[in-house]
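# Fold and contact review
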Amino acid sequence: MKIAICDDELLHLQHISKKIQAAFNKVDPNGKHLYKKYCDPLVLLTDHEKMFFDAAFLDIDMPHINGMDVADLLAKLNPSIFIIYVTSHETLARTALKHRIFRFVLKSENNEFHEAVNSLVKAYNKKHKKIVLQDISVAHEFDLSQVLYFASGHNFANIHYVDGRVVPSKFKMVDLENQLLQNWVYRVNRGTLVNLCYVYKFDKQNKNSLTLTTGEQIAVSRRRFNEAFNLFMEYITKTKKG
């Protein structure tokens, strides 16, 4: 798991980082985690564009841009990110509930860090559960949450990942379509299957495209537009409830 920790005060940053890493070591001793620490939230946002953090522990009360606004920007690029607010003020924690949030913890409460990390690890493992797909000859296991979309190549699909990689496969588009619909992956045009988790918006005016959270635009077949949009809204509704 790629984890960002941000607090504008260096001593607080070092202090909460130790608590967070200690909690991960206890809850998930065999897990492989990358920790990145930031005093400047703008640097965090820049790195997030390259790394797509899985989770972020954010101080709420920071100058220039507060933790709640940082969370909104992180989630705009990666809707799957888990946001944990870290604060010294309970009143700010209540305000944070109006924004995207997984948990919030008080800096002074060691036990809350352990509880938050324990919940985070369980939720992350559930969301990133690997699926098995069958190509022309072999079954493959991989993490669908890291895939933006599948695009047809010469004979088989290329897999476009959130980290920018494009990996050729031996999957046929029709086979992927049949296997992945129940996982919120939809064929928006003849040559593209999109992971609805990473859709930012549909062009409802022209009904011919959608925009991913990365900013990339993808054409949508007019005859598929309404079905794609309705499935996306169903995804949003169900994931909010979950």
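Here is a short report on the structure shown in this document. Quick caveat, the model's predicted, so the values are computed rather than measured. Each chain has its residues counted from 1, following the order in which its sequence is written. Given that the model is predicted, a residue must reach a pLDDT of at least 70 before its local features are reported, and side-chain atom pairs must reach 80 or more before they are shown or counted; all residues, however, enter totals for whole chains, interfaces and linings. As a rule here, side-chain values cover all heavy atoms of the structure and leave hydrogens and water aside.

### Description of the overall build of the chain
Looking only at helices and strands, one finds 7 helices and 15 strands in the chain. Taking 242 residues into account, the globule formula puts the C-alpha radius of gyration at 18 Å, and the chain, at 19 Å, falls close to it. In terms of overall dimensions, the chain has C-alpha extents of about 55 × 45 × 30 Å along its principal axes. Within the chain, the proportion of its 242 residues that are buried is 46%. Numbering goes from the N terminus for both helices and strands, where a helix is a DSSP run of H or I of at least four residues and a strand is a run of E of at least two. The quantity called the radius of gyration is restricted to C-alpha atoms. Its globule counterpart is 2.2 Å times the number of residues to the power 0.38. With a 1.4 Å probe rolled over the protein chains alone, any residue whose accessible area is under 20% of its type maximum counts as buried; one over 50% counts as exposed, and the rest are partly exposed.

### Section: the sheet that holds strand β9 (residues 157–161)
Two pairing modes exist for strands in a sheet, parallel and antiparallel, and in both the strands are linked by backbone hydrogen bonds. Strand order in this open sheet of 5 strands is β10-β9-β8-β12-β11, and the pairing throughout is antiparallel. Edge positions in the sheet fall to β10 (166–168) and β11 (185–189), since each of these pairs with one other strand and no more. Going across the sheet, the axis of each strand differs from the next one's by a mean of 25°, ignoring polarity. Here helix α6 (residues 173–180) sits on the sheet in contact with β8 (147–152), β9, β11 and β12 (192–195), set at roughly 145° to β8. Only strands that DSSP links by at least two bridges are regarded as paired with each other. As a rule, the C-alpha atoms of each element are fitted with a line to give its axis, helices using only the stretch in contact, and angles between N-to-C directions run from 0 to 180 degrees. Residue contacts follow a heavy-atom distance rule, with two residues in contact if any of their heavy atoms lie within 4.5 Å.

### A look at the side chain of S169
You can see S169 is positioned in the loop between β10 and α6. You can call S169 buried: its relative accessible area is 15%. A distance of 2.6 Å separates a polar atom in the side chain of S169 from the backbone oxygen of A157. A distance of 3.1 Å separates a polar atom in the side chain of S169 from the backbone nitrogen of F171. The residues touching S169, leaving out its near neighbours within four places in the chain, are F156, A157 and I159. Definition of a polar contact: a pair of N or O atoms within 3.5 Å, with one able to donate and the other able to accept a hydrogen when the atoms are protein atoms, and with sequence-neighbouring residues admitted only if both atoms are side-chain atoms.

### Description of the packing of aromatic side chains
The pairing test for Phe, Tyr and Trp rings, Trp by its six-membered ring, is centres within 6.5 Å, and the orientation test on the planes gives stacked under 30 degrees, edge-to-face over 60, and tilted for anything in between. Counted according to the given criterion, the structure contains 7 aromatic pairs. Between F24 and Y35 the ring centres are 5.9 Å apart and the planes differ by 70°, which places this aromatic pair in the edge-to-face class. Here Y35 lies in strand β2 (residues 34–38) and F24 lies in helix α1 (residues 10–27), a separation of 11 residues in the sequence. Between Y38 and F53 the ring centres are 6.1 Å apart and the planes differ by 85°, which places this aromatic pair in the edge-to-face class. A residue pair is termed long-range when its members are at least 10 positions apart, and Y38 in strand β2 and F53 in the loop between α2 (41–51) and β3 (55–59) qualify at 15 residues. Taking the relative accessible area as the measure of exposure, F53 reaches 0% and is therefore buried. Through pairs of rings, three or more aromatic residues link up here, namely F202, F225, F229 and F232. Counted as over-ring charges are cases with an Arg CZ or a Lys NZ within 6 Å of the ring centre that also lie within 35 degrees of the ring normal. Residue placement shows R165 over the ring face of Y161; its charged tip is 4.2 Å from the ring centre.

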